[in-house]
Every structure is written in C-alpha cells, then in structure tokens.
Amino acid sequence: MDSSSFVSAIILLVLVTDPLGNIPVFIGLLRQVDPARRQRIIVREVVFAFAILLFFALFGQKVLRLMHLTDTSLGIAGGVILFLIALKMVFPHAEGPTDLPVHGEPFLVPLAIPFIAGPSAIATVLLLVSREPQRLWEWLGALTVAMAISAVVLGFAEKIAAFLGEKVTLAFERLMGLVLTAMAIEMLLAGIQKFVIQLRAA
C-alpha cells in the first residue's frame, strides 16, 4: 500500500473495517433489539470502535516499544493478518458470525470488537502511523472518514441488504476481498523487502 496517499488510507481502512460485510452480522445480532434503538446502538458501537482505533493510533507506538516490536515485524504481521481476513471475504464459511449467541442488547462485543475494530483494523492503524508518524493528523482524518462511512453503511444496513439482495452483497464482498488481498500482498512484500535490506546492512 502507498501510505503517502490519504485516499488509499481511507480505502484500506474501509476495507479492513468492512462495513458492507458486517451488514448481515449487524442485522442478525440486532434483530431481537427494539427497532427504535437499533440506530443508537449502531452509532454507539461505531463510536466505541473509533475510540479503540484512535487509542492505537495515538499510543500504539509506545505499546510497540514496550513490547520491543519493530515496524518491519509489524508490516509483515499486518500483511499476514490482512491476507487471512481477505481470504475469509473471498471464501466465506457457510456458518456466519451471526450464529454467535448474544443475549439481550449487544454492548462493545462483538459488534465494536472484533467486527469493526478487529485485529486487521488495529494492525492497519498501527502500520500507517508507524511508517509516517509526522502525518498523524492525516491518518486520524482518514480514520474519521472511514468510521463515518461505516456508520452510514451500517445505519442503513437493512435497506442496503433489501436493495442489493443477498447475492449481490456477497459478490461485492468477494470483490472487496480480492482488492484487500492485493493490498495485503503489497504490505507483506514491503515488510519482507525492508527486512532483507536490514539483513544486508547488518
């Protein structure tokens, strides 16, 4: 991924938070909730997810230093995680996450975590900030836009699902999976290249 591009950062964050793919999840888990409260719950969960990703954007570098992790290892790990997420998007399992037992109104888990602010989203935020920390405010802006897109898409989840239909939604989800696969491979190759350069310089 070209981390110098603000637009590409937004696209990547939207892909890893996957609002379109989360539509059936949110519909299934909120089916038992009063329709009048669903919009509030969606906004609340998106805000929670945003707060979590914002924490890692602001303090993630300190966490990495405490754990003695390098940008190179983060890039490789992030590429692997994104690749695994992309594979699930391209080849979804028959048993969906909507089968998770949730009693009462969902709170933080599993909607905010891990369906929005999951490992791939956290790794992506950490990678963006670690590569160019001087552009922190741009990455925060990209994260804000991506979260706003997620809120809008999930807010209209039922209408979007009814309009597109299950087959079109699944096809679009797989297409986004292919795009994310390419980004994951690019991230992984960049991490490996950086590691090889470090080996030669050692």
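All values reported here derive from a predicted model rather than from experimental measurement.

Quick notes on the side chain of Glu45
Phase 1 of the analysis: Assignment of secondary structure puts Glu45 in helix H3 (residues 35–66).
Phase 2 of the analysis: Look at Glu45 and you get buried, because its relative accessible area is 0%.
Phase 3 of the analysis: A polar contact is formed between the side chain of Glu45 and the side chain of Arg44, at a distance of 3.0 Å.
Phase 4 of the analysis: Only 3.3 Å separates the side chain of Glu45 from the backbone nitrogen of Ala112, close enough to count as a polar contact.
Phase 5 of the analysis: Excluding anything up to four places from it in sequence, Glu45 contacts Pro106, Phe107, Leu108, Leu111, Ala112 and Ile116.

Some remarks on a nonpolar patch on the surface
Phase 1 of the analysis: Residues Ile185, Leu189, Ile192, Phe195, Val196 and Leu199 make up a contiguous nonpolar surface patch of roughly 490 Å² in combined accessible area.
Phase 2 of the analysis: For Phe195, the position within the fold is in helix H8 (residues 157–201).

Quick notes on the packing of H3 against helix H6 (residues 119–131)
Phase 1 of the analysis: One can describe the packing of H3 onto H6 by two numbers: an axis separation of 9 Å at closest approach and a directional angle of 45°. Here H3 lies oblique to H6, going by the angle between them. Judged by the twist between their axes, the crossing of H3 over H6 is right-handed. Facing Leu53, Phe56, Ala57, Gly60 and Gln61 of H3, the residues of H6 in contact are Ala121, Ile122, Val125, Leu126, Val129 and Ser130.
Phase 2 of the analysis: Among the residues forming the contact of H3 with H6, the class breakdown is 8 nonpolar, 3 polar and no charged.

Topic: unusual backbone geometry
Phase 1 of the analysis: The backbone of Asp18 shows a phi angle near 50°, a positive value even though the residue is not glycine.
Phase 2 of the analysis: By the element assignment, Asp18 lies in the loop between helix H1 (6–17) and helix H2 (23–29).
Phase 3 of the analysis: Despite not being glycine, Leu108 has its phi angle at roughly 70°, a positive value.

Quick look at the environment of Arg38
Phase 1 of the analysis: Within the secondary structure layout, Arg38 lies in helix H3.
Phase 2 of the analysis: Distance in space between the C-alpha atoms of Arg38 and Phe26 is 9.4 Å, their sequence separation being 12 residues.
Phase 3 of the analysis: Residues in contact with Arg38, not counting those within four places in the same chain, are Leu30, Arg31, Val33 and Glu158.
Phase 4 of the analysis: Reaching out from Arg38, the side chain makes a polar contact with the side chain of Glu158 at a distance of 2.7 Å.

Some thoughts on H8
Working note: α-helix, 3.6 residues per turn, so residues spaced by three or four point in the same direction.
Phase 1 of the analysis: Under the 1.5 Å per step criterion, the end-to-end length of H8 is only 51 Å for 45 residues, more than 12% shorter than the ideal 66 Å.
Phase 2 of the analysis: Of all the bends found along H8, the most pronounced is centred on Gly165 and spans about 100°.
Phase 3 of the analysis: Looking at H8, one finds that the buried residues are Ala157, Thr169, Glu173, Gly177, Leu180, Thr181, Met183, Ala184, Met187 and Gly191.

A short note on the side chain of Ser150
Phase 1 of the analysis: Along the chain, Ser150 falls in helix H7 (residues 136–155).
Phase 2 of the analysis: Among residues more than four places away in sequence, those in contact with Ser150 are Thr17 and Pro19.

Overview of empty space enclosed by the protein
Where empty space is left can be seen by rolling a probe of water-molecule size over the atoms.
Phase 1 of the analysis: If you walk through the whole model with that rule in mind, you get 1 cavity of 30 Å³ or more.
Phase 2 of the analysis: Estimated volume of the largest cavity: approximately 40 Å³.
Phase 3 of the analysis: Every residue along the wall of the largest cavity is listed here: Leu13, Ala57, Val125, Leu128, Val129, Trp139 and Leu143.
Phase 4 of the analysis: Every element with two or more residues in the lining of the largest cavity is listed here: H6 and H7.
Phase 5 of the analysis: Broken down by element, the residue count for the lining of the largest cavity peaks at 3 residues, all from H6.
Phase 6 of the analysis: For the lining of the largest cavity, the residue count by class is 7 nonpolar, no polar and no charged.

A few points about H1
Phase 1 of the analysis: Helix length check: H1, at 12 residues, gives a terminal C-alpha distance of 17 Å against a target of 16 Å (1.5 Å per residue), a fit within 8%.
Phase 2 of the analysis: All of the buried residues in H1 are Ser8, Ala9, Ile10, Leu12, Leu13, Val14, Leu15, Val16 and Thr17.
Phase 3 of the analysis: Directly after H1, the chain includes Asp18, whose backbone phi takes a positive value near 50°.

Conventions adopted
- Residues numbered from 1 in each chain as written.
- Predicted model: local features only at pLDDT ≥ 70, side-chain atom pairs only at ≥ 80, totals over all residues.
- Heavy atoms only, no water.
- Helix = DSSP H or I, 4+ residues; strand = E, 2+ residues; numbered from the N terminus.
- Buried < 20%, exposed > 50% of the residue type's maximum accessible area, 1.4 Å probe, protein only.
- Polar contact = N/O pair within 3.5 Å; in protein donor to acceptor, adjacent residues only side chain to side chain.
- Contact = heavy atoms within 4.5 Å.
- Patch = residues over 30% accessible without salt bridge, like charges linked within 9 Å, V, L, I, M, F, W, Y side chains within 5 Å.
- Areas by Shrake-Rupley, 256 points an atom, 1.4 Å probe, with all protein chains shown as cover.
- Salt bridge = Lys/Arg side-chain N within 4 Å of Asp/Glu carboxyl O.
- Axes fitted to C-alpha atoms, helices over the stretch in contact; angles between N-to-C directions.
- Parallel < 35°, antiparallel > 145°, perpendicular 65-115°, else oblique.
- Left-handed = near helix turned anticlockwise from the far one by under 90°.
- Nonpolar A, V, L, I, M, F, W, Y, C, P; charged D, E, K, R; others polar.
- Expected span 1.5 Å × (residues − 1).
- Bend = angle between axes of the 7 residues up to and from the residue.
- 1 Å grid on protein atoms, 1.4 Å probe; cavity = no way out; pocket = protein on both sides within 12 Å on 5 of 7 lines; lining within 4 Å.
- Points joined across faces, edges and corners; volume = space filled by probe spheres on them.

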